[in-house]
Amino acid sequence: MKTGAKILIEGLQREGVETLFGYPGGSVLPIYDELYDSSLRHILVRHEQAAAHAADGYARASGRVGVCLATSGPGACNLVTGIATAYMDSVPIVALTGQVPTLLLGNDAFQESDITGITTPITKHNYLVKETKDLGRIVREAFYIARTGRPGPVLIDLPKDVCTNQIPGENHLPDHISLPGYRPTYKGHVRQIEKALEALERAERPVIYAGGGIIASGASTELVEFAERGLLPVTTTLMGLGAIPADHPLNLGMLGMHGTEYANYAVTECDLLFAIGVRFDDRVTGKIQTFAPNATIVHADIDPAEIGKNKKVDVPIVGDAKAILQAMLHRMNRRDGRESWLEKVRVWKEKHPLRYRCDGRLRPQYIIQELSNILNGEGIIVSEVGQNQMWTAQWYRFKKPRSWLTSGGLGTMGYGFPAAIGAQCARPDETVFDIAGDGSFQMNIQELGTVAQTGLPVKVAILNNMYLGMVRQWQELFYDRRYSYTELPPVDFVRIASAYGIDGMRVDAAEDVRQALRAAIDADGPFILDFRIEREENVFPMVPAGAAINEMIGGHSG
Amino acid sequence: MKAHTLSVLVENRAGVLSRVAGLFSRRGFNIESLAVGTCEEPGSSRMTIVVESDDSQIEQVQKQLNKLIDVIKVSDITENEIVERELALIKVNAEPGSSRAEVMQIASIFRAQIVDVGSKTVVLEATGDTNKINALEKLLRQYGIKELVRTGKIAVLRGSKTVQSSK
């Protein structure tokens, strides 16, 4: 005989789960009781939203499924932002929620919420377990769905009695999973792959547009080889940073709203765009009609629904990025020529580099550049959302996949700090930095309690401009400097950290940056850096919303 | 824009209808009609969904439906030879005397059944394609329709072709 809670824990262990992030409550008491005796590591967060983000950070940093656990009602509802974040960025997490006993379901019982109803639009799939005998199968299916195909979050809602009921038998975890409606395509269609290669062969001005799908499928090595063999310049999305080393000669950096000028020019002038593991997000494409306007579009993606969703595609390939690139490399010869195109791209790079004013003042770009130099592009960099995120994307020179975690699709402020906690759990030997804004950091600042309690050596660099910086930037540029409710009063983050028993340092001058970053890295435990940066620094270049991506402001030509 | 008829085979599980309907509403697709019931495959149900959309949108509708784990197979059968039917129950004013006789005559022409007779009304049961039901409804309006329910369209391919599993 086994209880549902026991079956759940065994199911998690069977799926290779070692760590989960959660917050106890009435409906999940049977699970917590079972956890008490298990070998699973449970990280107690201070808010359920952080549990979901931590599971997400764990998943992105490790490539494994992240797990979070919350109680029914408010606990479950607090996971929603984290689940939506994971959904938008295709991150595999399994969210476990407690639920009122089955007898009370639908009766508006205390701490009841229809969490499967609430999360249907933001999960890849979800389950309400009605009977203990189904639990083992559901746990197995949930992990399988989360990690396969286009990864994504799966939620399992667990009524309290399902966890306390005992059922006979020892092994309740089926070996075989049967989901007739779920058969992801991994191998690209051979004819489509050949068509893509033919189009590439004909192209004179090709560009690869690579995204998070490269990271998720572990296709970085193949991408770099593909680019080198075909002499193909590569631009990546925000989610694709790290797919090709920043210093690779064919790398054009990020494209889109805050992308590099040269990436945006190259995409605008290319005659073939090889899009892989991307979804033509509006922050990338700007005005869709003028995005790669003269190019043949090849689009490879594991999710058929992404192909042709935003932009008409000439050669669609459904499949896993790694499998497709391997198949293409298998058939592809080394390409010569294209010198004039590569030369043109090189000149753009030289003429329009990313830049900022170096006048001795404390500029955020300089801080990130210095961090990148010290860590040599290694470590795991997590960001919050806003200016801090874009500066990091522009100035940190990522070398490896899974070294950059950020909320791209949903743009969730407050993501970074808990995600950094998750990443640090997944990869304890890495230096993990959360690059934050003062606004974003205050959205999940309570997680200082979590790092204090666990001792997880997460470092936080707050780019403190006492504004909601990106919103202020938009107000400056598009609302005639009317800073409506975007100014934040000064906060002494070092003292707050100190109240939790965490070390920190305030930095006001550029000459102190290097030493401060070193102190944080060398500290054994968590460390908070409060950088008082130039208050009205902007992220440039910038493509105004709805404009073509070659119509940038604030760049060399803007 | 035209009406597309989708035949969708789904797992017969709690919440499937709400997943399908929710997908339509949040992505801004407009459902004209949706009919669902069990089918020949044990544990499965078949939905017939009529959607007003252009060709590129219907492709997106199908792809999004296919992404749902509980959806086994989606087929756009609009361009195929199909048998399609809708059932309507129509309660119409029919005072004894001439108007009742006329209503019964119309029912007979449309091969509709009178399934209930009240002191001032009759209830007609009609099956047929959407055009036929529309025509009957239009004719009966002049007598005053008290209540009307339609099931929405159900459809099946003609001949031996079928819409079955394997996505």
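See above for the structure.
Residues numbered from 1 in each chain as written. Chains lettered and ligands numbered in written order. Predicted model: local features only at pLDDT ≥ 70, side-chain atom pairs only at ≥ 80, totals over all residues. Heavy atoms only, no water.

**Structural notes on the interface of chain B and chain A**
Counting residues at the interface gives 17 residues for chain B and 19 residues for chain A. Here chain B and chain A share an interface that buries about 1,500 Å² over both sides, 49% of which is from carbon and sulfur atoms. The interface formed by chain B and chain A contains one salt bridge. Ionic pairing is found between Asp303 of chain A and Lys67 of chain B, a salt bridge with its closest N-O pair at 2.6 Å. Every element with two or more residues in the side of chain B that touches chain A is listed here: helix H1 (16-26), helix H2 (55-67) and strand S4 (71-76) of chain B. In terms of residues, the side of chain B that touches chain A owes the most to one element, H2 of chain B, which gives five residues. Looking at side-chain class alone, the side of chain B that touches chain A contains four nonpolar, four polar and nine charged residues. (Contact = heavy atoms within 4.5 Å. Buried area = accessible area lost by both parts, 1.4 Å probe. Salt bridge = Lys/Arg side-chain N within 4 Å of Asp/Glu carboxyl O. Helix = DSSP H or I, 4+ residues; strand = E, 2+ residues; numbered from the N terminus. Nonpolar A, V, L, I, M, F, W, Y, C, P; charged D, E, K, R; others polar.)

**Let's talk about the packing of aromatic side chains**
Residue and element names in this part refer to chain A. The full count for this structure, using the stated rule, is 16 aromatic pairs over all chains. Aromatic side chains Phe417 and Phe441 sit 5.2 Å apart centroid to centroid with 55° between the ring planes, which places their arrangement in the tilted category. Of the two residues, Phe417 sits in helix H18 (residues 416-426) while Phe441 sits in helix H19 (residues 438-441), which places them 24 residues apart along the sequence. Owing to a relative accessible area of 1%, Phe417 belongs among the buried residues under this scheme. (Phe/Tyr/Trp six-rings, centres within 6.5 Å; stacked < 30°, edge-to-face > 60°. Buried < 20%, exposed > 50% of the residue type's maximum accessible area, 1.4 Å probe, protein only.)

**Description of the pattern of salt bridges**
Considering all chains together, one arrives at 51 salt bridges over all chains under this definition. Put simply, Glu40 of chain B and Arg46 of chain B hold a salt bridge, and the shortest N to O gap is 2.9 Å. By relative accessible area, which is 19% here, Arg46 of chain B ends up buried. Via salt bridges that share partners, Arg150, Asp303, Glu306 and Lys309 of chain A together with Lys67 of chain B belong to a single interconnected network.

**What about the sheet that holds strand S17 (residues 432-437) of chain A?**
All names here are of chain A. Across the sheet, six strands lie side by side as S16-S15-S17-S18-S20-S19; this open sheet has parallel pairing. Lying at the two open borders of the sheet, with one neighbouring strand each, are strand S16 (404-405) and strand S19 (503-507). Relative to S16, strand S15 (residues 380-383) is paired through two bridges, and the arrangement is parallel. Note that in S16 the partner of Ile381 across the bridge is Trp404. Packed on one face of the sheet, helix H17 (residues 387-395) meets S15, S16, S17 and strand S18 (459-464) and runs near 130° to S17. (Pairing = 2+ DSSP bridges. Axes fitted to C-alpha atoms, helices over the stretch in contact; angles between N-to-C directions.)

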